[in-house]
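Each chain is listed here by its residues.
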Amino acid sequence: MKQEKILIIGACGQIGVELTLALRQQYSNSQVIASDLREQAHPLLEGSGPYYTLDATDIKAVSELVRKEAITQIYLLAALLSATGEKMPMKAWDINMNSLLQILELGVEVKLNKIYWPSSIAVFGTTTPKNHTAQKTIVEPTTVYGISKYAGELWAQYYHRRWGLDVRSLRYPGLISWKSAPGGGTTDYAVEIYHEALKNKQYTSFLSEDTYLPMMYMDDAIRGTIELMEAPEEQIKSRMAYNLSAMSFSPKEIAASIQQHIPEFSIDYAPDFRQAIADSWPSSIDDTDARNDWHWKHQFDLDKMTQEMLKNLRK
Ligand code: NAD
Ligand code: SER
């Protein structure tokens, strides 16, 4: 049994629920402590692991918990996502940046073994080449969310260089899952569409029909995260977040994939403020570095994901 003790902050969100359950399988229930501002999410109740109510920006409380539980790794998932962030820019900056900076400082102080902190395709902006966007390219994010992610990547790299802190990160694309709902992002349409297809056989997309974005099924994202965190240190050659890719599709294409299973399903389009955010992001991502450095490989394409989503949501 590995002796790590892991704290997940933001464990009740779309990623946190599944990551907590996966890490508890990999380690043990008692070695993985879940925490969030909110009440414990339903799927975690069944897991019977420890749970704390914790504010990521309250460093005194975080520090006390880390010391009390002898934490060796932190997964910091608490954040406001792109769409919510544009409604509350200062709050997004406060949560996304201050929690990270304080936890990086704490990591040095208590000598954490590792920190995981996710970045996003939102680091890229309108001046970035749109297709097969490279790991290193023009980076001029347009949203407060994207600015916080890019600044965070630079801070993570700084703490590694300056203090040897082992901080690892991925630029997730839009993530699609059925166990827990997404939390205010621009890619959320690609989750909502499955729910609406089953419930109402109709969906109105807030992105236009030909908006291509990089996307990934949650199973791939969770496996990729754990593989990155378990990789030997010498394989982690980028201390900025790694580009990570699986598929790219538009609302029209995901609708067509659903229609193969639900022929009567129909979609229409009413783009809102999230269209401008989507238009500023890449259509597809080049993740050669992740594939070469620590052997990342995705398993789900659009049709395989559609089958899984519909099968599980029907249950
Ligand atoms: P989410 O919104 O579903 O979950 C975030 C969780 O953080 C929520 O449960 C929320 O209650 C919690 N939280 C918010 N403020 C907090 C605070 N001050 N203290 C403690 N908890 C707090 O988001 P998610 O999709 O699970 O994203 C997790 C991380 O992954 C974020 O950093 C996000 O930017 C990143 N990410 C997500 C996606 C995606 O498609 N889901 C893509 C790229 C990057
Ligand atoms: N899925 C996220 C969002 O739309 C990307 O980081 O905000």
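Reference entry: report on the structure contained in this document. Treat the numbers as computed from the prediction; the structure is a model and nothing was measured.

The next subject is the site of ligand 2. Contacts to ligand 2 come from Leu81, Ser82, Ser120, Tyr145, Gly174, Gly185, Thr186, Thr187 and Trp281. Between serine 120 and ligand 2, the recorded distance is 2.6 Å, taken from a side-chain N or O atom to an oxygen atom. Within the side chain of tyrosine 145, an N or O atom sits 2.8 Å from an oxygen atom of ligand 2. Out of a free accessible area of 230 Å², ligand 2 has 93% covered by protein chains. Looking at the shell around ligand 2 residue by residue, the class counts come to three nonpolar, six polar and no charged.

A separate point is the nonpolar core. Tyr194 and Phe249 are the most contacted members of the largest nonpolar core, which totals 36 residues. Looking at this core, the elements with two or more residues in it are α7 (189-199), β11 (213-217), β13 (247-249), α9 (251-259), α10 (274-279) and α12 (302-314). By residue number, the principal contributor to this core is α7, which donates six residues. If sequence neighbours within four positions are ignored, tyrosine 194 has contacts with Ile176, Ile254, Ile258, Leu302, Met305, Thr306, Met309, Leu310 and Leu313. Within the second largest apolar cluster, 35 residues are counted, among which are Leu23, Leu77, Leu170 and Ala290.

Attention shifts here to the layout of surface pockets. Within this model, the largest pocket holds a volume of roughly 870 Å³. Taken together, 43 residues form the lining of the largest pocket, with Leu77, Ala78, Ala79, Leu80 and Leu81 sitting closest to its centre. Elements that contribute at least two residues to the lining of the largest pocket include exactly α1 (14-26), α4 (82-87), α5 (89-109), β6 (119-120), α6 (144-163) and β9 (174-176). Here the lining of the largest pocket gets three residues from one element, more than from any other, and that element is α1. Its residues assigned to classes, the lining of the largest pocket comprises 23 nonpolar, 14 polar and six charged.

Here we come to the sheet that holds strand β12 (residues 242-243). Taken together, three strands build an open sheet; the order of strands is β6-β8-β12 and the sheet is parallel. Looking at strand neighbours, the two that pair on one side only are β6 and β12, the edges of this open sheet. As paired strands, strand β8 (residues 170-172) and β12 are joined by two bridges and run parallel to one another. Across the sheet, residue arginine 171 finds its bridge partner in β12, namely asparagine 243.

A few words on the site of ligand 1. Neighbouring residues of ligand 1: 26 residues in total, closest Gln14, Asp36, Ala56, Tyr145 and Lys149. Contact between ligand 1 and isoleucine 15: an oxygen atom at 2.9 Å from a main-chain N or O atom of the residue. Residue tyrosine 145 places a side-chain N or O atom 2.5 Å away from an oxygen atom belonging to ligand 1. Protein chains bury 94% of the 830 Å² of accessible surface belonging to ligand 1 in isolation. Elements supplying a minimum of two residues to the shell around ligand 1: α1, β6, α6 and β9.

This part is about α7. Those residues of α7 lying buried are Tyr189, Ala190, Val191, Ile193, Tyr194 and Ala197. Looking one or two residues beyond α7, the residue adopting positive phi is lysine 201, at roughly 60°.

What follows concerns the side chain of threonine 225. Residue placement: threonine 225 occurs in helix α8 (residues 218-230). One polar contact links threonine 225 to tyrosine 172, side chain to side chain, over a distance of 2.7 Å. In this structure the side chain of threonine 225 is engaged in a polar contact, spanning 2.6 Å, whose partner is the backbone oxygen of alanine 221. Those residues in contact with threonine 225 that lie beyond four places of it in its chain are Leu19, Tyr75, Tyr116, Leu170 and Tyr172.

On to the packing of aromatic side chains, then. The relative placement of two aromatic rings is captured by the distance of their centres and the angle of their planes. Tallied over the full model, the rule gives nine aromatic pairs. Centroid distance tyrosine 189 to phenylalanine 206: 6.2 Å. Interplanar angle 90°. Geometry classified as edge-to-face. Of the two residues, tyrosine 189 is situated in helix α7 and phenylalanine 206 in the loop between β10 (202-205) and β11; the sequence distance between them amounts to 17 residues. By relative accessible area, which is 5% here, phenylalanine 206 ends up buried.

So, on to α5. For α5, with 21 residues, the first-to-last C-alpha span of 30 Å sits near the 30 Å given by 1.5 Å per residue. Taken together, the buried positions of α5 are occupied by Ala92, Ile95, Asn96, Met97, Ser99, Leu100, Ile103, Leu104, Leu106 and Gly107. With its phi angle positive at about 55°, lysine 111 sits one or two positions after the end of α5.

Conventions adopted
Residues numbered from 1 in each chain as written. Chains lettered and ligands numbered in written order. Predicted model: local features only at pLDDT ≥ 70, side-chain atom pairs only at ≥ 80, totals over all residues. Heavy atoms only, no water. Near = heavy atom within 4 Å. Polar contact = N/O pair within 3.5 Å; in protein donor to acceptor, adjacent residues only side chain to side chain. Areas by Shrake-Rupley, 256 points an atom, 1.4 Å probe, with all protein chains shown as cover. Nonpolar A, V, L, I, M, F, W, Y, C, P; charged D, E, K, R; others polar. Core = buried A, V, L, I, M, F, W, Y, C linked by side-chain atoms within 4.5 Å. Buried < 20%, exposed > 50% of the residue type's maximum accessible area, 1.4 Å probe, protein only. Helix = DSSP H or I, 4+ residues; strand = E, 2+ residues; numbered from the N terminus. Contact = heavy atoms within 4.5 Å. 1 Å grid on protein atoms, 1.4 Å probe; cavity = no way out; pocket = protein on both sides within 12 Å on 5 of 7 lines; lining within 4 Å. Points joined across faces, edges and corners; volume = space filled by probe spheres on them. Pairing = 2+ DSSP bridges. Phe/Tyr/Trp six-rings, centres within 6.5 Å; stacked < 30°, edge-to-face > 60°. Expected span 1.5 Å × (residues − 1).

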